[in-house]
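Here is how the chains run, residue by residue.
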Amino acid sequence: MSFPAERPRRLRRSERLRALVRETRVSPEQLVYPLFVVPGQGVRREIPSLPGCFHLSPDQAAREAREVESLGIAGVILFGLPEAKDALGTQGYADTGVVQQAIRAIRAECRELLVISDVCLCEYTSHGHCGLVEDGEVKNDPSLELLASMALSHVRAGAHAVAPSDMMDGRVGRIRSALDGAGHNDVAILSYAAKYASAFYGPFREAADSAPAFGDRRGYQMDPANVREALREVRLDVEEGADIVMVKPALPYLDVIRAVRESVDRPIAAYNVSGEYAMVKAAAQRGWIDEPRIVAETLTAIRRAGADIILTYHAKDFARTNA
Ligand code: PBG
């Protein structure tokens with residue numbers, strides 16, 4: 001049966017019909033909004049590289065979180081810019097750290113919003129690498145202890161889930177046993193399982209002041225050319241106890257999201273990263289694109305590829321325009 005009997009346009013004649021046969025939907029309850037926490041009180045400063053996003057002190061992060069919750073967005077993921085950095089990233093696992101303060105403040109303000117914390121050393125170390133540096137090299141196994149301490153400290157402050165983004169081998173298992181050992185077997189791990197060494201993180205590194213002082217992250221983050229390796233990373237993280245696995249970045253890696261979708265039965269998250277966001281914002285500011293439509297199309301594409309959850313700086317804008 002083909003033309004004239006088959007006429008796909010019949011189902012495109014009205015918005016009601018199109019909605020009836022729509023295969024993919026995006027809703028705010030599938031989105032997570034990133035927040036950048038800084039020391040102080042009453043601080044709310046727009047981030048130059050991420051227009052529309054702010055550096056927030058813990059009290060302001062709680063205010064922002066209330067707004068995010070009221071928009072129906074699932075949760076927030078927290079990043080911290082500490083008062084001081086050192087070689088061991090001490091402020092990252094101090095119970096008095098900025099993220100720990102923000103978690104407590106948000107939990108006190110919000111009933112339902114999910115609070116997820118990013119677990120990584122790069123924002124807290126003076127050298128800006130995601131693990132411990134010895135002899136000019138990022139050492140895997142000694143880093144695990146510090147990452148586990150950071151995860152525990154976030155959970156003690158009230159995080160519902162922890163999201164390790166460091167890409168050290170074995171960190172999911174180490175964090176799982178640290179959490180279980182402290183009685184937190186109900187706290188989920190969202191692992192950045194397939195995280196690529198990407199140029200799309202540029203605006204984030206400016207926002208989080210986390211660019212490496214020497215070298216780059218190619219010794220621990222993945223080569224953008226590889227997809228089979230992503231499946232191995234995902235399998236290892238699932239074996240170690242990851243509850244949700246993430247692919248990052250999102251839009252340039254839709255094939256990876258699809259491949260992961262077909263290989264595991266876990267929920268999949270995708271991180272629509274800072275560079276993806278900043279490019280849309282910059283073009284929109286010049287009047288070159290229709291921002292709301294670009295955002296809706298982008299998020300739909302990421303969902304269509306197979307992501308259940310999307311971490312995105314567009315979350316608030318999307319929720320407002322698609323309420
Ligand atoms: C920390 C971390 C990074 C991002 C999330 N967690 C930066 C990096 O790995 O350099 C990037 C997020 C974004 O670009 O939006 N390791």
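Residues numbered from 1 in each chain as written. Predicted model: local features only at pLDDT ≥ 70, side-chain atom pairs only at ≥ 80, totals over all residues. Heavy atoms only, no water.

Let us look at the packing of aromatic side chains. Tallying each qualifying case throughout the model produces eight aromatic pairs. Where Tyr 196 meets Tyr 253, the ring centres are 4.3 Å apart and the plane angle is 25 degrees; that geometry is what we call stacked. Of this pair, Tyr 196 sits in the loop between β9 (188–195) and α6 (202–208) while Tyr 253 sits in the loop between β10 (244–248) and α8 (254–263), and the two are 57 residues apart along the sequence. The ring of Phe 54 has Arg 44 sitting right over it, with the charged end atom 4.0 Å from the ring centre. Cation over ring: Lys 248 sits above Tyr 271, and NZ or CZ is 5.0 Å from the ring centre. (Phe/Tyr/Trp six-rings, centres within 6.5 Å; stacked < 30°, edge-to-face > 60°. Helix = DSSP H or I, 4+ residues; strand = E, 2+ residues; numbered from the N terminus. Lys NZ or Arg CZ within 6 Å of the ring centre and 35° of its normal.)

This brings us to the site of the ligand. Every one of the 19 residues lining the ligand counts as a neighbour, but Lys 195, Arg 205, Lys 248, Ser 274 and Tyr 313 are closest to it. In the environment of the ligand, an oxygen atom lies 2.6 Å from a nitrogen or oxygen atom belonging to the side chain of Arg 205. The separation between a nitrogen atom of the ligand and a polar side-chain atom of Lys 248 is 3.4 Å. In isolation the ligand offers 400 Å² of accessible surface; the protein chains occlude 100% of this area. (Near = heavy atom within 4 Å. Polar contact = N/O pair within 3.5 Å; in protein donor to acceptor, adjacent residues only side chain to side chain. Areas by Shrake-Rupley, 256 points an atom, 1.4 Å probe, with all protein chains shown as cover.)

Take the packing of helix α3 (residues 98–109) against helix α4 (residues 140–157) next. Two elements in contact, α3 and α4, have axes separated by 8 Å at closest approach and are oriented at 25 degrees. Comparing the axis directions of α3 and α4 gives the class roughly parallel. In the packing of α3 onto α4, the handedness of the crossing is right-handed. Here Val 99, Gln 100, Ile 103 and Arg 104 of α3 lie close against α4, whose contacting residues are Ser 153, His 154 and Ala 157. Taken together, the residues of the contact of α3 with α4 break down into three nonpolar, three polar and one charged. (Axes fitted to C-alpha atoms, helices over the stretch in contact; angles between N-to-C directions. Parallel < 35°, antiparallel > 145°, perpendicular 65-115°, else oblique. Left-handed = near helix turned anticlockwise from the far one by under 90°. Contact = heavy atoms within 4.5 Å. Nonpolar A, V, L, I, M, F, W, Y, C, P; charged D, E, K, R; others polar.)

Together, Arg 7, Arg 9, Arg 10 and Arg 12 make up a region of like positive charge exposed at the surface. Checked against the element boundaries, Arg 7 lands in the segment before α1 (15–20). (Patch = residues over 30% accessible without salt bridge, like charges linked within 9 Å, V, L, I, M, F, W, Y side chains within 5 Å. Salt bridge = Lys/Arg side-chain N within 4 Å of Asp/Glu carboxyl O. Lys, Arg positive; Asp, Glu negative; His and termini not counted. Charge placed at Lys NZ, Arg CZ, Asp CG, Glu CD.)

This part takes up helix α9 (residues 274–285). For α9, which comprises 12 residues, the first-to-last C-alpha distance of 16 Å matches the rise-based estimate of 16 Å (1.5 Å per residue) to within 8%. Of all 12 residues in α9, nine are buried, a share of seventy percent or more. Three or more residues of α9 are buried, namely Ser 274, Gly 275, Glu 276, Tyr 277, Ala 278, Val 280, Lys 281, Ala 283 and Ala 284. Following α9 by one or two positions, Gly 287 adopts a phi angle in the positive range, close to 75 degrees. (Expected span 1.5 Å × (residues − 1). Buried < 20%, exposed > 50% of the residue type's maximum accessible area, 1.4 Å probe, protein only.)

Bringing the pattern of salt bridges into the picture now. For the coordinates displayed, the defined rule picks out 22 salt bridges. Where Arg 258 meets Glu 262, a salt bridge forms, and the shortest distance between an N and an O atom there is 3.4 Å. Here Arg 258 and its partner Glu 262 are both found in helix α8, four residues apart, which amounts to about one turn of the helix. Members of the salt-bridge network, linked through shared partners, are Arg 44, Glu 64, Glu 67, Lys 281, Glu 291, Lys 316, Asp 317 and Arg 320.

One recurring pattern in soluble globular proteins: nonpolar side chains tend to sit buried together. Of all hydrophobic cores here, the largest spans 106 residues; its most connected members are Phe 36, Leu 78, Ile 106 and Val 245. Apart from the residues lying within four places of it in its own chain, the contact partners of Phe 36 are Ile 47, Leu 50, Phe 54, His 55, Leu 56, Phe 79, Leu 81, Phe 204, Ala 207, Ala 208 and Tyr 313. (Core = buried A, V, L, I, M, F, W, Y, C linked by side-chain atoms within 4.5 Å.)

Here the focus is the pairing of strand β2 (residues 44–47). Here β2 runs beside strand β3 (residues 50–56); their pairing, made up of four bridges, is antiparallel. When the bridges of β3 are listed, Arg 44 appears paired with Leu 56. Linking β2 back to β3 in an antiparallel pair, the connection comprises two residues. (Pairing = 2+ DSSP bridges.)

All right, on to the pairing of strand β11 (residues 268–272) then. With five of its five residues buried, β11 lies for the most part within the structure. Here β11 shows a buried face lined by Ile 268, Ala 270 and Asn 272 and a second buried face lined by Ala 269 and Tyr 271. The pairing of β10 with β11 spans three bridges and is parallel. Each residue of the ladder has a partner; that of Met 246, found in β11, is Ala 269. Between β10 and its parallel partner β11, the chain crosses via α8, and the hand of that crossover is right-handed. (Right-handed = clockwise from strand over helix to strand, strands pointing away.)

In this structure, Glu 291 sits in helix α10 (residues 291–305). Residue Glu 291 is classed as buried on the basis of its relative accessible area of 19%. Spatially, the C-alpha atoms of Glu 291 and Ala 230 are 31 Å apart, while their sequence positions differ by 61 residues. Look past the residues within four positions of Glu 291 in its chain and what remains in contact with it is Val 280, Lys 281, Ala 284 and Asp 317. Within the structure, Glu 291 has its side chain in polar contact with the side chain of Lys 281 (distance 2.8 Å).

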